[in-house]
Amino acid sequence: MSHPLASLITGPVLTPDEEGFADEVAPHNRAVVNSPDVVVGATSTEDVVAAMRWAAEQGVHLTVLATGHGATTPVTSGVLLTTRRLGGVEVDPEARVATIGAGARWTDVIPAADAHGLNPVAGSSANVGVAGYLLGGGIGPFARSHGFSSDRVESFTVVTGTGEVVEASADEHPDLFWGLRGGKVGLGVVTQVRVRLVAIPELYAGSLFFDAEHIETALRGWIAWTATADAQTTTSAAIVTFPDLEVVPPHLRGRTALTLRVARPGDEAAGAAATAPLRALAPTFLDAVGVLPVARAAEIHNEPVHPAPSWTRGIMLSHADDDLATAWLGAVGPGTDQPFVAAELRHVDGATGVDVPGGSAVAGRTAAFVAGVVGLDPAQFDTVLPAAAAAVADAVAPWTAAELNPNFAGRGAAVWDPATADRLQLLRRTYDPDGVLA
Ligand SMILES: Cc1cc2nc3c(=O)[nH]c(=O)nc-3n(C[C@H](O)[C@H](O)[C@H](O)COP(=O)(O)OP(=O)(O)OC[C@H]3O[C@@H](n4cnc5c(N)ncnc54)[C@H](O)[C@@H]3O)c2cc1C
């Protein structure tokens, strides 16, 4: 007998015993195996409304899966709603606004905007889903020059926990609009988002690679340099142990290196001048920083695009100094035998610190750095990585910021400042009174 939702939904409705269920519920992070009672592949706002109302009537939870880049905890009951069929991107070049379906990834938006000489303020990975990313705020390679990506949202179309379709913008439901820009969960299912685009006609960007023997010098020098960084330049420094795998370029395979990522909108001369102190930090074995078309900005970080198991944990730092460098190197530097594939510090502390008119619920505006660790070996997910990440957290405790942005929390919990957290809770009770999305 078919599931009762099947008669209410145009898209696929699958239960665990049905063919296609496993594919429909599989997230990008393959460490998470979802097993909801039923999965609904929404094809329209009406499908989302019907699923939400049904879940509310039945008293079961509804959870959202877009790409599954943010999947950390398996969904083991209720309705899982997948948004991948809610795609579509339309660019209005005059208004410089993209209207983006909830199933779109940045890879869908970037070429559509580029065709008009425009660009979205996206994250380091273009493979991430737009809606999920923006709901957390979004800190990408242009964080210092352009701020949180959600600062450029014009409006969201949302199905609330009661199954109502509302527009959230500065003019309509401004309270919900405030919460959706950074509040991440529990406010509704976004079916469409309108985002202002930017023009970045020239970009100087890429990555400098320092061998293990130069990591300490380069990292200490970079941290000291961040205090003087110009407002246009966004950088991050990751200690990476490249797996000895065919997918990795031969010159990086099995190597531990510091990759210093640089992104500076502007011309080559200004970019080269801004990058000169970084090139002088220590000898590089690879210098891949230069003029880069903005549509290829995802090459700066070169994040993996294929679904695979992963484990991440993030922290935000209020500041960094040479003692932080000592603590970071002691926790994740060469010779520490730590289990992470990558340990990254992203410098923010620029336009990210300036809130939008009317405010937003973004967590982490006062932070100066994002620190994150990534592990890829499933055998280490249960104990080794959590223990190692806890040791890193202890080591950097004196620099840890009070807030933690949800996009970077990984297996940790996001933290908003107390006033924002209280306001978000009230808002969740308003737009999802029965806790369907809780
Ligand atoms: C390789 C990689 C690189 C990343 N780079 C960055 C980066 O540079 N900057 C940054 O800020 N973050 C980054 N992230 C984090 C990423 O932004 C979050 O994990 C984000 O939640 C991913 O959204 P998703 O839709 O792709 O994933 P999903 O796991 O499908 O969604 C995550 C959550 O978002 C919510 N959600 C998604 N879609 C909707 C919707 N339509 N309506 C309501 N809720 C929804 C749900 O709560 C869902 O559980 C990165 C993550 C990875 C794995």
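Every value quoted in this text rests on a predicted model; they were computed, and no experiment measured them. Here the residue numbers are simple positions, counted from 1 along each chain's written sequence. This being a predicted model, a pLDDT of at least 70 is required before a residue's local features are given, and a value of 80 or more before pairs of side-chain atoms are given or counted; all residues contribute to the totals for chains, interfaces and linings.

**Section: helix H2 (residues 45–58)**
Only DSSP runs of H or I covering at least 4 residues are called helices, and only runs of E covering at least 2 are called strands; the numbering of each starts at the N terminus. By this rule, a helix spans an expected 1.5 Å times one less than how many residues it contains. Taking 1.5 Å of rise per residue, 14 residues should cover 20 Å, and H2 covers 20 Å from first to last C-alpha, within 8% of that figure. Partly exposed residues are those whose C-beta has more than 12 but fewer than 20 other C-beta atoms within 10 Å; with 20 or more the residue is buried, with 12 or fewer it is exposed, and the C-beta atoms are placed from the backbone. Listed in full, the buried residues belonging to H2 are Asp47, Val48, Val49, Ala50, Ala51, Met52, Trp54 and Ala55. Each element contacted by the buried residues of H2 is listed here: strand E2 (38–41), strand E3 (62–65), strand E4 (79–82), strand E7 (153–159), strand E8 (165–169) and strand E9 (189–196). Taken from the residues just after H2, Gly59 is the one with a positive phi, measuring 70 degrees. Working definition of a contact: two residues with C-beta atoms, positioned from the backbone, lying within 7 Å.

**So, the pairing of strand E12 (residues 256–265)**
In terms of residue burial, E12 counts as a mostly covered element, since nine of its ten residues are buried. The pairing criterion is simple: DSSP has to find at least two bridges between the two strands. In this sheet, E12 lies alongside strand E10 (residues 203–211) in antiparallel orientation, the contact comprising nine bridges. The partner of Phe210 across the bridge, within E12, is Leu258.

**With respect to the environment of Ala56**
Within the fold, Ala56 resides in helix H2. A residue is classified by how many C-beta atoms lie within 10 Å of it, and Ala56, with 19 of them, is partly exposed. In sequence terms Ala56 and Val436 are 380 residues apart; their C-alpha atoms lie 5.9 Å from each other. Excluding residues within four positions of it along the chain, Ala56 makes contact with Gly161, Thr162, Gly163, Asp434 and Val436.

**Some thoughts on the packing of helix H9 (residues 322–332) against helix H10 (residues 384–395)**
Angular values range over 0 to 180 degrees, each being the angle between N-to-C directions of two axes fitted as lines to C-alpha atoms, with helices fitted over their stretch in contact. At a minimum axis distance of 9 Å, the contact between H9 and H10 shows a crossing angle of 165 degrees. Taken together, the axes of H9 and H10 are roughly antiparallel relative to one another. The element H9 and its partner H10 pack so that their crossing is right-handed. From H9, Ala327, Gly330, Ala331 and Val332 reach across to H10, where they touch Ala391, Val392 and Ala395. Considered class by class, the residues forming the contact of H9 with H10 number six nonpolar, one polar and no charged. Note on terminology: angles under 35 degrees are roughly parallel, angles over 145 are roughly antiparallel, angles of 65 to 115 are roughly perpendicular, and the others are oblique. In this scheme the handedness of a crossing depends on how the near helix is turned from the far one: anticlockwise by less than a right angle means left-handed, clockwise means right-handed. Under the grouping applied here, Gly and all other residues not named as nonpolar or charged are polar, the nonpolar ones being Ala, Val, Leu, Ile, Met, Phe, Trp, Tyr, Cys and Pro and the charged ones Asp, Glu, Lys and Arg.

**Observations concerning the domain arrangement of the protein**
Where a domain begins and ends is set by an automatic assignment or by a domain database. Examined at the domain level, the protein breaks down into domain 1 (8–82), domain 2 (89–199 + 417–431) and domain 3 (203–409). Taking the mean C-alpha position of each, domain 1 and domain 3 sit 33 Å from one another. Each side of the interface is counted separately: domain 1 has four residues, and domain 3 has seven residues. When its residues are assigned to classes, the side of domain 1 that touches domain 3 shows one nonpolar, two polar and one charged.

**Let's talk about the nonpolar core**
In this description, a nonpolar core means buried residues of the types Ala, Val, Leu, Ile, Met, Phe, Trp, Tyr and Cys, linked to one another by C-beta atoms lying within 7 Å. Core analysis: the largest hydrophobic core is formed by 133 residues, its most contacted members being Val40, Ala51, Leu81, Leu317 and Phe369. The dominant element in this core, judged by the number of residues it contributes, is H2, at seven residues. Residue contacts for Leu81: discarding those within four places in its chain leaves Val40, Ala42, Val48, Ala51, Leu62, Val64 and Val189.

**Structural notes on the sheet that holds E4**
What the four strands build is an open sheet, ordered E1-E2-E4-E3; its pairing is mixed. Each having just a single partner strand, strand E1 (13–14) and E3 make up the two edges of the open sheet. In this sheet, E4 lies alongside E3 in parallel orientation, the contact comprising four bridges. Within E4, the position partnered with Leu62 by the bridge is Val79. Of the strands in this sheet, E2, E3 and E4 touch H2, which is tilted by about 170 degrees from E4.

**A look at the packing of helix H7 (residues 215–226) against H9**
Orientation of H7 relative to H9, taken along the N-to-C sense of each, is 145 degrees, at an axis distance of 9 Å. H9 is crossed by H7, and the crossing has right-handed handedness. Two secondary-structure elements touch here, H7 through Glu216, Leu219, Arg220, Ile223 and Ala224 and H9 through Asp322, Leu324, Ala325 and Leu329. Here the contact of H7 with H9 is built from residues that sort into six nonpolar, no polar and three charged.

**Description of the sheet that holds strand E13 (residues 286–291)**
Strand order in the open sheet formed by seven strands is E13-E10-E12-E11-E15-E16-E14, and the pairing between neighbours is antiparallel. Edge strands, defined here as strands with exactly one partner in the open sheet, are E13 and strand E14 (311–317). Each neighbouring strand pair of the sheet contributes to a mean axis angle of 15 degrees, computed without reference to strand direction. The strands touched by H7 are E10, strand E11 (234–241), E12 and strand E15 (342–347); relative to E12, the strand with the most contacts, the crossing angle is about 25 degrees.

**Quick look at the site of the ligand**
Close to the ligand lie 29 residues, the nearest being Ala66, Gly70, Gly123, Gly129 and Gly132. Sorting the residues of the shell around the ligand by element identifies E3, helix H4 (130–136) and E9 as the ones contributing at least two each. Per element, the largest residue contribution to the shell around the ligand is five residues, and it comes from H4. Here the residues of the shell around the ligand are counted per class, giving 14 nonpolar, 14 polar and one charged. To decide whether a residue is near a molecule or strand, its C-beta atom is placed from the backbone and checked for lying within 6 Å of it.

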